[in-house]
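Each chain, written out:
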Amino acid sequence: MFDVSFSELVVIFFVALMVIGPEKLPKVAKVLGKLTGRAQSYIGKLKEEIEREEKFKELQKIQREIKKKSIKSR
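Residues numbered from 1 in each chain as written. Predicted model: local features only at pLDDT ≥ 70, side-chain atom pairs only at ≥ 80, totals over all residues. Heavy atoms only, no water.

The protein chain has the name Sec-independent protein translocase protein TatB in an unreviewed UniProt entry, where Candidatus Methylopumilus planktonicus is given as its organism. Entered under Subcellular location (unreviewed entry) in the UniProt record, the comment concerning the protein chain runs "Membrane". (UniProt positions renumbered as here; feature names shortened; annotations may be inferred.)

**Q** With reference to specific residues and values, describe the overall build of the protein chain.
**A** Helix and strand content of the protein chain: two helices and zero strands. Whereas a compact globule of 74 residues would reach a radius of gyration of roughly 11 Å, the protein chain reaches 25 Å, over 25% beyond that. By its C-alpha atoms, the protein chain is 80 × 25 × 15 Å across when sized along the principal axes. Per-residue burial over the protein chain gives 3% buried out of 74 residues. As presented, the protein chain carries roughly 7,400 Å² of accessible surface, and 64% of it is formed by carbon and sulfur atoms. Between the mean site of the 17 positive side-chain charges and the mean site of the 10 negative ones, the protein chain shows a separation of 8 Å. (Helix = DSSP H or I, 4+ residues; strand = E, 2+ residues; numbered from the N terminus. Rg over C-alpha atoms; globule rule 2.2 N^0.38 Å. Buried < 20%, exposed > 50% of the residue type's maximum accessible area, 1.4 Å probe, protein only. Areas by Shrake-Rupley, 256 points an atom, 1.4 Å probe, with all protein chains shown as cover. Lys, Arg positive; Asp, Glu negative; His and termini not counted. Charge placed at Lys NZ, Arg CZ, Asp CG, Glu CD.)

**Q** If you had to explain the layout of surface pockets to someone new, which residues and values would you point to?
**A** If a probe the size of a water molecule is rolled over the atoms, the empty space left behind becomes visible. In this structure, the largest pocket encloses a volume near 180 Å³. The wall of the largest pocket is formed by Ile12, Phe13, Ala16, Ile20, Leu25, Val28, Ala29 and Leu32. The class makeup of the residues in the lining of the largest pocket is eight nonpolar, no polar and no charged. (1 Å grid on protein atoms, 1.4 Å probe; cavity = no way out; pocket = protein on both sides within 12 Å on 5 of 7 lines; lining within 4 Å. Points joined across faces, edges and corners; volume = space filled by probe spheres on them. Nonpolar A, V, L, I, M, F, W, Y, C, P; charged D, E, K, R; others polar.)

**Q** Tell me about the UniProt feature "transmembrane region" (unreviewed entry) in the protein chain, and name the residues and values.
**A** The residues that UniProt annotates with the feature "transmembrane region" (unreviewed entry) are residues 6–25. Across residues 6–25 one finds 80% helix and 0% strand; the C-alpha atoms that close the span lie 19 Å apart.

**Q** Run through the UniProt feature "coiled-coil region" (unreviewed entry) in the protein chain, naming residues and quoting values.
**A** Following the UniProt record, the feature "coiled-coil region" (unreviewed entry) maps to residues 45–72 here. End C-alpha atoms of residues 45–72 are separated by 41 Å, and the span's content is 100% helix alongside 0% strand.

**Q** Which residues make up the packing of aromatic side chains, and what values go with them?
**A** Given two aromatic rings, one states the distance between the centres and the angle between the planes to describe the pair. Taken as a whole and assessed by the stated rule, the structure comprises one aromatic pair. An angle of 70 degrees between the planes, with centres 5.5 Å apart, marks the rings of phenylalanine 13 and phenylalanine 14 as edge-to-face. (Phe/Tyr/Trp six-rings, centres within 6.5 Å; stacked < 30°, edge-to-face > 60°.)

This is the structure we're talking about:
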């Protein structure tokens, strides 16, 4: 997705240190970590649901094809 180099992370860290301050920075980092984890979990579940839906549609298509073949053979 996003490609962030080490030097960019260092710059982001120092800007955050200046803006937020050294007292609040650990708390903010902890909250950001939790939010990132929740977002990743949500995206993973969403991907699984989309894949499950695609497989279900594929199975329905196969089922319709089998029914058509069985009707033609009669």
